[in-house]
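# Inside the fold
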Protein chains: 2
Amino acid sequence: MTEIPCYGRFEQQFQSENLSANPFDTAFKAIFQKDNRKITAHGFYDGDNTFKLRFMPDSPGEWTYQTFSELPALNGHSGSFTCTKSDNHGVARVRGRHFAYADGTPLYPLGTTCYAWVHQPESLRRQTLESLKNTPGFKKIRMCVFPKHYDFNQNEPEIYPFSGNPKNGFDFTQPNPKFYALLENCIAELGEIGVEADIILFHAYDCWGFSTMDEDDNHRYLRYIAARLAAFPNVWWSLANEYDLLPHLTEQSWENFAKILQEVDYSEHLMSIHNCRGFYNHSRPWISHCSIQRQDVYKTAEHTNEWIDQYNKPATLDEIGYEGDIHWGWGNLTAEELVRRAWECFVRGGYAGHGETYTHPNDILWWSKGGILHGESPKRWNFLMQICEESGGIDYLAERSPWDVPVGGIEGKLYIAYFGFNRPKYRHFHNEHPYLGKSNLPEGSYKVEIIDTWNMKITDCGVKRREELLVELPARQYMAVRFTRLTELN
Amino acid sequence: MTEIPCYGRFEQQFQSENLSANPFDTAFKAIFQKDNRKITAHGFYDGDNTFKLRFMPDSPGEWTYQTFSELPALNGHSGSFTCTKSDNHGVARVRGRHFAYADGTPLYPLGTTCYAWVHQPESLRRQTLESLKNTPGFKKIRMCVFPKHYDFNQNEPEIYPFSGNPKNGFDFTQPNPKFYALLENCIAELGEIGVEADIILFHAYDCWGFSTMDEDDNHRYLRYIAARLAAFPNVWWSLANEYDLLPHLTEQSWENFAKILQEVDYSEHLMSIHNCRGFYNHSRPWISHCSIQRQDVYKTAEHTNEWIDQYNKPATLDEIGYEGDIHWGWGNLTAEELVRRAWECFVRGGYAGHGETYTHPNDILWWSKGGILHGESPKRWNFLMQICEESGGIDYLAERSPWDVPVGGIEGKLYIAYFGFNRPKYRHFHNEHPYLGKSNLPEGSYKVEIIDTWNMKITDCGVKRREELLVELPARQYMAVRFTRLTELN
């Protein structure tokens, strides 16, 4: 019997001649069953009279399936396969206010953004993947289905998501299976290097008409992509980049879109919607996590904990500005400032997205096209990932945070204070100082480490009792102090 | 006849033996008259059976005076003097949303803070004055009447503002004339080097009881200091540093204090009250200008224009944090960050106060004790003063400010855009760019200069028509661009 590893992909194809109506509208689904559990997966038309049915099993054992379709050639097929145990971690899930893979392995979705990397030539895509592979601090990438038309993004893609071309126009009723094959290949290659694909379904930076399709075409598109990508473990759904720049799409539009994805995507991938200005109502139950663009020029990641509290959901800060030197204020930050924002986000319980926008003679800016990383911040993302892996997901500890030094951690166990642009020569963390009462730590002994977040060095300061927690610091910016409570010494 | 230069000080002394009641409560005033204008000045007891009467004339010509007192020895004296023209600029006044001396000369009150410099030994006071003299960017200094008890401030002053000593206690009914002579000497020396003395009348950092005197003692103290200092041109009244840290003083207390100062101080010196957390109601008519401590760790000077708009008064940002390395978050900023805040304040129409808090082996921190300046920001205050003098007072130009680059200036004439921590390689300022509409400048030609606020260099980029205003920048932080409109070329 066919063997499919857990979180691997089962795929079966079916031929059907004489397609009169739009084959992309053909109702075609299958019920997959293991023991008493039944899951509906949707098939899709892949061009050339071929339909495909895919399924990603999430538990080992014997699975059977049966197909249903209005098209006789697709109806009434059945079969089975064995799902075997595997090392695949599975789909990303929310766990409390953090993330983990389906198998329980923690996932720290520090990420990056290459909006249109899929739409670049293959040689550039290979570079992008190589860069990602060499940057373990990037565990998620924001990327668009539709190509991007904007500053530094004037090149046409080689292949489009719909039939047609810019000269003669596009037929939005006809998704282009060849494009989706390319997209899936990109997602699969990301999966091989452990990167989650945060798939942006709509965005406004358009000159082809993809952002202004009618409701029927939008729905067909969403059903189609969900049917294809539900079987990929490393997919996240981002309904939009800057949903509010698409004013013709109403709240009801987005709610309908989410409903379609929920209906078709049996894998229940994470789902969110990203803002330009005001947030979409992140309280909506289909929103698994907050996907946030900063709200202010000066306070960017500093609100992370408030947002997490407000929505009681984990947060990825998917746009806190980019390291670079372009004319846009969001795209000319120093690496220091970008990394500062990432740490502010981290100690406040969230996960920050990187981006890079250095001017380039051929307009190859990482933020959109990928390629080679030129900046100083990616290696700091790697370092922050190391800290995440050592610490586990940390929460903002409001009661313990003095006003100028946010403190994140795990209550009673671990505390990380981040000084940001402040650069004290020393700091009292014990409870005898009259003005620092709120920063007091629980009694006991602590392993004290100074983390130089910029120079990526950890200095062990030994074990100290709480009453001795006067920490000497190097009077440089971007330092953190980590206190690991040693309960056995209490 | 006696000649007194305009804004100089007339002083007459009177002896009175057999003082039975508290001589500091003696009613003693004089009416000074020139032509039909009458001004009441209050005399004061200066110890050793001596009373003094002072007056600062504000216009040249013949002045006469007549004294009135419950004490016969002080009553019924009269005299006259000639006020001569002088180069003195006179008392600082509000002019629109900015400041000018009484003679119309603009005053840009960029300043600094040495809270307790008056209470330090003479050698240190001399150093402080020398440092101020060499820093023309400091045109105002915040300084307390009462000594300061706080971190790094554990030394007793040589002389106290009231009779008594820490061991035996103080008699708050008896101001100490010798202390006031010292204070006046300090103020006069500041005047000689063109520095305004922002006199802080109350503050909470106290171990002597001066912050918790009763209402009668507070009122006597205020009448006394106002009677003495009304005749000094370079005095500003700051009712409090952090008024809200003195919770026993109610709003009515502060209103009463202001009323007393208004009654006694015929020179109508500028008056304000400085906060720790929430502002005092700066709409009150006796408040001439907003004296502000930052409200947030991250946004400090960025609200300047909002405050100016809210109260329709000029603003001095008297506490935006200090360059230094102490444990307090407000006192361990880099020079870069402090100067950035000063520029944010400037282009938003306000005037920022400097401060320095580097740890010192003898606890001589400029912010409180004065002495020698160790930091990198004072010379940038000098540079900013040069820009002020070249530009005149500028206002925040809200309609012309793109979201990431505040622009201040004089509508139709001068525009200064400040990039802060952003560091673009170029920026469009013309009106053809679709996304920068709000930053458009009026049509015409402009002299374009790049101001490197950190390296203190101005680069002339020549004259350009508005349509050509694509400005190339060095992709470094802390740059500003100044556009001076050349109307003759329109």
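The model shown is predicted, which means the values in this text are computed figures rather than measured ones.

Rules used throughout
- Along every chain, residues carry numbers that run from 1 in the direction the sequence is written.
- For naming, the first written chain is A and the first written ligand is 1, with later ones following in the order written.
- Given that the model is predicted, a residue must reach a pLDDT of at least 70 before its local features are reported, and side-chain atom pairs must reach 80 or more before they are shown or counted; all residues, however, enter totals for whole chains, interfaces and linings.
- Hydrogens and water are ignored here; the side-chain numbers use all heavy atoms of the structure.
- Numbered from the N terminus, helices here are DSSP runs of H or I no shorter than four residues, and strands are runs of E no shorter than two.
- As defined in this context, the radius of gyration uses C-alpha atoms, and a globule is described by 2.2 Å times the residue total to the power 0.38.
- Should any heavy atoms of two residues lie within 4.5 Å, those residues are considered in contact.
- Here the accessible surface of atoms and residues is derived via Shrake-Rupley with a 1.4 Å probe, and residues count as covered only by protein chains that are part of the display.
- What makes a nonpolar core is a set of buried Ala, Val, Leu, Ile, Met, Phe, Trp, Tyr and Cys residues whose side-chain atoms join them at distances within 4.5 Å.
- For every residue, the accessible area (1.4 Å probe, protein chains only) is compared with the maximum for its type, and the residue is labelled buried under 20%, exposed over 50%, or partly exposed between those bounds.
- Counted as salt bridges are all cases of a side-chain nitrogen of Lys or Arg within 4 Å of a carboxyl oxygen of Asp or Glu.
- If DSSP finds at least two bridges between two strands, the strands pair.
- As a working definition, buried area equals the accessible area (1.4 Å probe) given up by two parts on being put together, with both sides summed.
- Counting of polar contacts relies on pairs of N or O atoms within 3.5 Å, with two restrictions inside protein: one atom must be capable of donating a hydrogen and the other of accepting it, and residues adjacent in sequence are counted only when both atoms are side-chain atoms.
- Each residue carries a pLDDT value, the predictor's own confidence for that position, ranging from 0 to 100.
- Centres within 6.5 Å make a pair out of two Phe, Tyr or Trp rings, where for Trp the six-membered ring is used; the pair is then stacked when the planes are under 30 degrees apart, edge-to-face when over 60, and tilted otherwise.
- Criterion for a charge above a ring: Lys NZ or Arg CZ within 6 Å of the ring centre, and within 35 degrees of the ring normal.
- We superpose the copies by least squares over the C-alpha atoms of residues that have a pLDDT of at least 70 in both of them.

The next point concerns the overall build of chain A. Scanning chain A from terminus to terminus reveals 8 helices and 31 strands. Here chain A has a C-alpha radius of gyration of 24 Å; the compact-globule value for 490 residues is 23 Å, and the two agree. Taking the principal axes of its C-alpha atoms as reference, chain A extends roughly 85 × 55 × 40 Å. Of the contacts made within chain A by residues no fewer than 6 positions apart, 70% connect residues no fewer than 24 positions apart. Element-wise, carbon and sulfur atoms account for 46% of the exposed surface of chain A, whose accessible area totals about 18,100 Å².

What follows is about the nonpolar core. Ranked by internal contacts, the top residues of the largest apolar core, which has 130 residues, are A:I199, A:L201, A:Y221, A:W254 and A:W343. Among all residues touching A:L201, those that are not within four sequence positions of it are A:V145, A:F146, A:Y221, A:L222, A:I225, A:W237, A:S238, A:L239 and A:L261.

With that settled, the discussion passes to the pattern of salt bridges. Summed over all chains, the structure comprises 64 salt bridges over all chains. Residue A:E263 pairs with A:R223 through a salt bridge whose shortest N-O separation is 3.3 Å. Taken together, the positions of A:E263 in helix α4 (residues 251-264) and A:R223 in helix α3 (residues 215-229) put the pair 40 residues apart, joining distant regions of the chain. Judged by its relative accessible area of 44%, A:E263 falls in the partly exposed class. We note a salt bridge from B:R284 to B:E255, for which the minimum N-O separation is 2.6 Å. Of this pair, B:R284 sits in the loop between β18 (271-272) and β19 (290-293) while B:E255 is found in helix α4 (residues 251-264), placing the two residues 29 residues apart along the sequence. Classification of B:R284 as partly exposed rests on a relative accessible area of 28%. One network of salt bridges, with partners in common, ties together A:E11, A:D46, A:K52, A:R54, A:E184 and A:R228.

As a further point, take the sheet that holds strand β9 (residues 92-95) of chain B. Spatial ordering of the open sheet is given by β9-β10-β11 (chain B), a layout of 3 strands whose pairing is antiparallel. This sheet does not close on itself; its edge strands, each paired only once, are β9 and β11 (106-107) of chain B.

All right, on to the interface of chain A and chain B then. You'll often see interface size given as the accessible area lost when the parts meet. Taken together, the 42 residues of chain A in the interface contact 43 residues of chain B. Roughly 3,600 Å² is buried in total at the junction of chain A and chain B, and carbon and sulfur atoms are behind 58% of that figure. For the chain A face of the interface with chain B, the top three residues by lost area are A:Y298, A:H327 and A:R423, together amounting to 21%. The tally of links from chain A across to chain B stands at 2 salt bridges. Between the two partners, chain A and chain B, sit 28 residue pairs in polar contact (both at pLDDT 80 or more). Elements supplying a minimum of two residues to the side of chain A that touches chain B: β21 (323-324), α6 (335-347) and β27 (426-428) of chain A.

Moving on, we get to the pairing of strand β4 (residues 37-42) of chain B. Relative to β4(B), strand β3 (residues 28-34) of chain B is paired through 6 bridges, and the arrangement is antiparallel. Within the sheet, the bridge partner assigned to B:F32 lies in β4(B) and is B:I39.

Next up on the list: the confidence of the model for chain A. Reading predicted coordinates in detail is not appropriate for stretches of low pLDDT. Looking at chain A as a whole, its pLDDT mean stands at 95, while 97% of the residues score no less than 70. Confidence metrics for the complex model read pTM 0.96 and ipTM 0.95.

What follows concerns the side chain of A:N422. Tracing the chain through its elements places A:N422 in the loop between β26 (414-418) and β27. In this structure the side chain of A:N422 is engaged in a polar contact, spanning 2.7 Å, whose partner is the side chain of B:N332. Among residues more than four places away in sequence, those in contact with A:N422 are A:D404, A:R476, A:Q477, A:Y478, B:G329, B:N332 and B:L333.

Our focus in this paragraph is the packing of aromatic side chains. By the definition in use, this model includes 112 aromatic pairs over all chains. Measuring from ring centre to ring centre gives 6.0 Å for A:F99 and A:Y351, while their planes differ by 65 degrees; the resulting arrangement is edge-to-face. In this pair, A:F99 sits in strand β10 (residues 98-101) while A:Y351 sits in strand β22 (residues 351-352), placing the two residues 252 residues apart along the sequence. Since its relative accessible area comes to 2%, A:F99 is described here as buried. Taking 5.3 Å as the distance between ring centres and 75 degrees as the angle between the ring planes, the aromatic pair formed by B:F24 and B:Y224 counts as edge-to-face. Here the residue B:F24 occupies a position in the loop between β2 (10-15) and β3, and B:Y224 occupies one in helix α3 (residues 215-229), the gap between them amounting to 200 residues. An identical accessibility class is assigned to B:F24 and B:Y224; each is buried. Here the basic side chain of B:K140 rests over the ring of B:W236, its NZ or CZ set 5.4 Å away from the ring centre.

Between chain A and chain B, the superposition needs a rotation of 180 degrees and an axial shift of 0.0 Å, giving an RMSD of 0.0 Å. Here the two chains are linked by the operation of a two-fold rotation axis. The residues that chain A uses at the interface reappear at the interface of chain B in 100% of cases, marking a shared surface.

With parallel pairing, 3 strands are arranged side by side in an open sheet as β19-β20-β22 (chain B). On the outer flanks of this sheet lie β19 and β22 (351-352) of chain B, each paired with one strand and no other.

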